[in-house]
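Coordinates in review
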2 protein chains.
Amino acid sequence: MCCGPSEVSHFKEIIISNNQFFDAITTRQSELETLLCVGLDPDPARFPPAVRKDKEPIFTFNKAMIDATSDLACCYKPQFAFYAANAAEQELEKTIAYVRDLGIPLILDAKRGDVGSTAENYATEAFERYGADAVTINPYMGLDAMQPFLAYAEKGIFVLCRTSNPGGADIQNLVMEDGEQLYERVAGLATQNWNSNNNVALVVGATQPGELARVREITGDMTFLLPGIGAQGGDIEASIKAGQGGGLIVSSSRAILYASSGEDFAEAARQVAQSTRDAINQHYK
Amino acid sequence: MCCGPSEVSHFKEIIISNNQFFDAITTRQSELETLLCVGLDPDPARFPPAVRKDKEPIFTFNKAMIDATSDLACCYKPQFAFYAANAAEQELEKTIAYVRDLGIPLILDAKRGDVGSTAENYATEAFERYGADAVTINPYMGLDAMQPFLAYAEKGIFVLCRTSNPGGADIQNLVMEDGEQLYERVAGLATQNWNSNNNVALVVGATQPGELARVREITGDMTFLLPGIGAQGGDIEASIKAGQGGGLIVSSSRAILYASSGEDFAEAARQVAQSTRDAINQHYK
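Residues numbered from 1 in each chain as written. Chains lettered and ligands numbered in written order. Predicted model: local features only at pLDDT ≥ 70, side-chain atom pairs only at ≥ 80, totals over all residues.

1. Observations concerning the overall build of chain A
Definition in use: Secondary structure follows DSSP: runs of H or I at least 4 residues long count as helices, runs of E at least 2 residues long count as strands, and numbering of each begins at the N terminus. Between the two quantities, the radius of gyration covers C-alpha atoms and the globule rule is 2.2 Å times the number of residues to the power 0.38. Once C-beta atoms are placed from the backbone, any two residues with those atoms within 7 Å are in contact.
Counting its secondary structure elements, chain A contains 13 helices and eight strands. Taken over C-alpha atoms, the radius of gyration comes to 18 Å for chain A, in line with the 19 Å a tight globule of 285 residues would show. Reported as C-alpha extents along the three principal axes, the dimensions of chain A are approximately 55 × 45 × 35 Å. Sequence separation of at least 24 residues holds for 71% of the intrachain contacts in chain A that already meet a minimum separation of 6.

2. Remarks on the sheet that holds strand β6 (residues 200–204) of chain B
Residue and element names in this part refer to chain B. The line we're drawing: A pair of strands is labelled paired if DSSP reports no fewer than 2 bridges between them. Note on definitions: angles span 0 to 180 degrees between N-to-C directions of axes, and those axes are lines fitted to C-alpha atoms, for helices only across the stretch in contact.
What the eight strands build is an open sheet, ordered β2-β1-β8-β7-β6-β5-β4-β3; its pairing is parallel. Each edge of the open sheet carries a strand with a single partner, namely β2 (75–78) and β3 (107–112). With strand direction ignored, the average angle separating the axes of adjacent strands in the sheet is 30°. Bridging between strand β1 (residues 36–40) and β2 involves four bridges; their strand directions are parallel. Opposite Val38, over in β2, you have Tyr76 as the bridge partner.

3. What about the pairing of β6 of chain B?
Walk down a regular strand and you will see the side chains alternate between the two sheet faces. Residues and elements named next belong to chain B. Cut-off, in case you're wondering: Burial is judged by counting the other C-beta atoms within 10 Å of a residue's own C-beta: 20 or more makes it buried, 12 or fewer makes it exposed, and any count in between marks it as partly exposed, with every C-beta position built from the backbone. By definition, the crossover connecting two strands over a helix is right-handed if that path, from the first strand to the second, turns clockwise as seen with the strands pointing away from the viewer.
The buried fraction of β6 is high, at five of five residues. Across the two faces of β6 the burial is the same, with Val200, Leu202 and Val204 and Ala201 and Val203 all buried. Strand direction decides the pairing type here: strand β5 (residues 156–162) and β6, joined by five bridges, are parallel. For Phe158, the partnering residue across the bridge sits in β6 and is Ala201. Once the chain exits β6 it traverses helix α10 (residues 209–219) before rejoining the sheet at strand β7 (residues 224–226), and the crossover so formed is right-handed.

4. Notes on the relation of the copies chain B and chain A
How we decide: Overlaid copies result from least-squares superposition on C-alpha atoms, with residues included only where pLDDT is at least 70 in both.
At an RMSD of 0.0 Å, chain B and chain A line up after a rotation of 180° and a shift of 0.0 Å along the axis. Here the transformation between the copies is reduced to the relation of a two-fold axis. A share of 100% of interface residues in chain B that are also interface residues in chain A marks the association as one of identical surfaces.

5. Focus: the nonpolar core
What counts is decided by this rule: Linking buried Ala, Val, Leu, Ile, Met, Phe, Trp, Tyr and Cys residues through C-beta atoms within 7 Å yields a set, and such a set is a nonpolar core.
One finds Leu202 of chain A together with Leu202 of chain B to be the most contacted residues of the largest nonpolar core, which totals 194 residues. Among residues more than four places away in sequence, those in contact with Leu202 of chain B are Phe158, Val159, Cys161, Ala187, Ala190, Val215, Thr219, Met222 and Phe224 of chain B.

6. Let's talk about the interface of chain B and chain A
Often, the extent of an interface is quoted as the loss of accessible area upon association of its parts. The condition that has to hold: Under the convention adopted here, Pro, Cys and the residues Ala, Val, Leu, Ile, Met, Phe, Trp and Tyr are nonpolar, Asp, Glu, Lys and Arg are charged, and Gly plus all remaining residues are polar.
Between chain B and chain A, the residue contacts involve 43 residues of the former and 43 residues of the latter. Within the residue set of the side of chain B that touches chain A, elements represented by two or more residues are α4 (80–85), α6 (116–129), α7 (143–150), α8 (169–172) and α9 (182–192) of chain B. At seven residues, the largest contribution of residues to the side of chain B that touches chain A is made by α6 of chain B. The residue makeup of the side of chain B that touches chain A, split by class, is 21 nonpolar, 13 polar and nine charged.

7. Focus on the pairing of strand β3 (residues 107–112) of chain A
Residue and element names in this part refer to chain A. Among the six residues of β3, six are classified as buried, and the element is accordingly described as predominantly covered. With burial as the criterion, each face of β3 is covered, one bearing Ile107, Asp109 and Lys111 and the other bearing Leu108, Ala110 and Arg112. As defined by bridge partners, β3 adjoins strand β4 (residues 134–137) across three bridges and the pair is classed as parallel. Within the sheet, the bridge partner assigned to Arg112 lies in β4 and is Ile137.

8. Concerning the environment of Pro227 of chain A
All names here are of chain A. Along the chain, Pro227 turns up in the loop between β7 (224–226) and α11 (236–243). By C-beta crowding, Pro227 is classed as buried, having 28 other C-beta atoms within 10 Å. Along the primary structure Pro227 and Gly39 are separated by 188 residues, whereas in three dimensions their C-alpha atoms are 9.0 Å apart. If near-sequence neighbours (up to four positions away) are discounted, Pro227 is found in contact with Ser164, Val203, Gly205, Ala206 and Ser251.

9. Some remarks on the confidence of the model for chain A
Residue and element names in this part refer to chain A. The condition is simple: Confidence of the predictor at the level of single residues is captured by pLDDT, which takes values from 0 to 100.
Averaged over chain A, the pLDDT score is 93; the fraction of residues at 70 or greater is 93%. Ignoring residues within four places in sequence, the model shows residues 1–8, a span with pLDDT below 50, making 16 contacts including any to other chains. Of the two predicted TM-score estimates for the complex, the pTM is 0.94 and the ipTM is 0.93.

10. A short note on the environment of Leu174 of chain B
Here Leu174 of chain B lies in the loop between α8 and α9. Sequence separation between Leu174 of chain B and Ala269 of chain B is 95 residues, and the spatial gap between their C-alpha atoms is 38 Å. Contacts of Leu174 of chain B, omitting those with residues within four sequence positions, involve Met176, Leu182 and Arg185 of chain A together with Gln181 and Leu182 of chain B.

11. Considering the packing of helix α3 (residues 57–69) of chain A against helix α5 (residues 89–101) of chain A
All names here are of chain A. Which entries qualify depends on this criterion: Working definition: roughly parallel below 35 degrees, roughly antiparallel above 145 degrees, roughly perpendicular at 65 to 115 degrees, and oblique for all remaining angles. For a crossing to be left-handed, the near helix must be turned anticlockwise from the far one by less than a right angle; the clockwise case is right-handed.
The geometry of α3 relative to α5 is characterised by a closest axis approach of 9 Å and an angle of 20° between their N-to-C directions. It follows from the interaxial angle that α3 and α5 lie roughly parallel. Crossing geometry of α3 relative to α5 is assigned as right-handed. Here Ile58, Phe59, Asn62, Lys63 and Ile66 of α3 come into contact with α5, specifically with Glu91, Lys94, Thr95, Tyr98 and Val99. Each residue belonging to the contact of α3 with α5 can be placed in one class, and the counts come to five nonpolar, two polar and three charged.

12. Here's the deal with unusual backbone geometry
We note that Glu33 of chain A has phi near 50°; this positive angle belongs to a residue other than glycine. Within the secondary structure, Glu33 of chain A is located in the loop between α1 (20–32) and β1 (36–40). On the basis of neighbour count, Glu33 of chain A is assigned to the buried category, with 22 C-beta atoms found within 10 Å. Phi at Lys111 of chain B is positive, roughly 50°, even though this residue is not glycine. Relative to the helices and strands, Lys111 of chain B is located in strand β3.

13. Looking at the packing of α11 of chain A against helix α13 (residues 265–283) of chain A
Residues and elements named next belong to chain A. Packing of α11 against α13 brings their axes to within 9 Å, and their N-to-C directions diverge by 50°. Overall, the two elements α11 and α13 adopt an arrangement that is oblique. Handedness of the crossing formed by α11 with α13: right-handed. Here α11 contributes Ile236, Glu237, Ile240 and Lys241 to the contact with α13, which in turn contributes Ala279, Ile280 and His283. Here the contact of α11 with α13 is built from residues that sort into four nonpolar, one polar and two charged.

Listed below in structure tokens is the structure:
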């Protein structure tokens, strides 16, 4: 069951990177013609009543979402906070195992950042305990704090660069003495100093297409995770155009997951996922 | 059982802040004459063999540490990564409940940072699920990402400013167009823009006394959490002198926890905690 308008896409030009995660992503993107990443941000208050009564409501909900979208998604991205708030670590483990059994890559969105010895434990959590294929991390504590993640050469390490929230500007748009803004500096460091294992990618919000274009300019063909379309209001056309020229993973969570809270919730999610994938493909040239 | 050299201390001058967490901390600091925070970073590989065989080794180890140091510690600080790596959320819950039952304040060191709707879930995790009195957060995503934490006016919100790892310089020492470094800007924003609920504190590493003094200059009497003494090599005398003039919580973890891996591990931990508290008090004037 497929696909977006392949006559205008450049999926065939996707480059193999010799990184297990990025290769799995690009292969899947190319085969299914989709850049869509479905974010798994389970909020039990928004589940359909029948799911809410389930013994494992979060896993049941996620499984329904995955089953409804697995041919439309190049990867899944569980957001750690939603599991942590609900004491649902076991349901997170089950969700990740389910996705892996389907052979679909998975990004654990946890935005970790801590000193080296502690970061080692966070890397163990992400890659050994949960078995994620990729993780999001925060650059504020510098290279040595990211090193335990970067040491996993086969994984994808997504460093926050310009985030999708308006307040991201408070710090990320600060202007350095040479005129560069902080997010530009982070993009440069990620490209030149942090990527010796060829496993660094960046999180760049879809809500700021101008800055996304600037990050593309700085980083060459580095892969970007673009959150912020859908519920956060990011413009698909503008952000796809701005982000092209390298790897792109376009993430949507709530707009898909909560398309309906009725019995048709899975079918409604599929429809939104499909139209989102198509809207992305329409502009991916 | 007490205390440091009170004739040279300024504990009596500690100011009541009308924040539940900071008031509990300063009251306890004053009563017990200690600025020491014991970090609970449980690493099962370093536990004494008898503890390692326990059904709940992490909780058992933590309980032994707490029982051995409770009159020496103004608060405890479990580091989330160590529990996450070991799938030990239930032992973290039990540890926190145990500390709370003793009436001792607790900082959950999780360094969270995410967009608003997600940050709400992290705040729920820290304050509702785990019942922490305070939490550490990362400022890279700006004010709106910190707001869900700051909204808990009675809690302590520790924002990363200048961290104790060498790599912290990669980002935090970047120079802005006005000559300020990023950590100075964060200190200024924390003081002027982020503290409307009077619940903001800063994490400032004990490994950089010069920068600690600069943060004190910028922030007035704001409370600092000082990690980095002990195993990380921070100089107690230099950092206490540099940090004085406001609230101080001095954290040590591994040097205390792993003072011995023999049967005397709890007593050895107590001795290191005691000498650390005394060394701090010697310079706290």
